[in-house]
Amino acid sequence: MASAKKQTQVRLEEAVLEAGRAAARARRLDFNKYVERLIIEDTTGARAAGMTAAQKLIDAHGSFLDDLEQQLDAPYADPQPGAAA
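The model shown is predicted, which means the values in this text are computed figures rather than measured ones.

Some details on a nonpolar patch on the surface
Where nonpolar side chains cluster on the molecular surface, the patch consists of L57, I58, F64, L65, L68 and L72 and spans about 560 Å² of accessible area. Mapped onto the elements, F64 comes out in helix α3 (residues 46–77). Using a relative accessible area of 52% as the deciding quantity, one classes F64 as exposed.

Written out as structure tokens, the structure reads:
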């Protein structure tokens, strides 16, 4: 049996609302589901755990990731001969 959902109203700046809608679309979620997930992640500690794990990855492998990024960006750093400017 599904739990009953409650309706609420939130006032957001237009730019914040549009950013939220864009983020929801990028995740293929409707806006309500996106907001619901944000609240759940924030209140259960899931978001903090994810950020901690990401920071550990950066701390352990940051220089490798920086080098990889530079290698991937290198072909686009200098215009190719004969390329239109």
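Picking up after the structure, the text goes on.
Concerning the pattern of salt bridges
Inspection of every chain in the model, using the stated rule, returns 3 salt bridges. One salt bridge connects E36 with K5, and the closest N-O pair in it is separated by 3.2 Å. On the criterion of sequence distance, the pair formed by E36 in helix α2 (residues 31–44) and K5 in the segment before α1 (14–26) is long-range, its members being 31 residues apart. R21 is the partner of E18 in a salt bridge, and the nearest nitrogen-oxygen pair spans 3.2 Å. Note that E18 and R21 are positioned in helix α1 at a spacing of 3 residues, about one turn of the helix. Given a relative accessible area of 36%, E18 falls into the partly exposed group. The partly exposed category is assigned to R21, whose relative accessible area is 37%.

Definitions and limits used
The residue numbering used here restarts from 1 in each chain and proceeds along that chain's sequence as written. Local features are withheld for residues below a pLDDT of 70 in this predicted model, meaning they are given only at 70 or higher, and side-chain atom pairs are given and counted only at 80 or more; totals for whole chains, interfaces and linings count all residues. Water and hydrogen atoms play no part in the side-chain values, which are based on all heavy atoms of the structure. Two joining distances apply to patches: 9 Å for like charges and 5 Å for nonpolar side chains (Val, Leu, Ile, Met, Phe, Trp, Tyr), and every residue must have over 30% relative accessible area and no salt bridge. For the area figures, the Shrake-Rupley method with a 1.4 Å probe applies, and any residue is considered shielded solely by the protein chains shown. Salt bridge, as used here: a side-chain nitrogen of Lys or Arg that lies within 4 Å of a carboxyl oxygen of Asp or Glu. Secondary structure counts use DSSP, requiring at least four H or I residues in a row for a helix and at least two E residues in a row for a strand, with both numbered from the N terminus. Residue exposure (1.4 Å probe, protein chains only): buried if accessible area is under 20% of the type maximum, exposed if over 50%, otherwise partly exposed.

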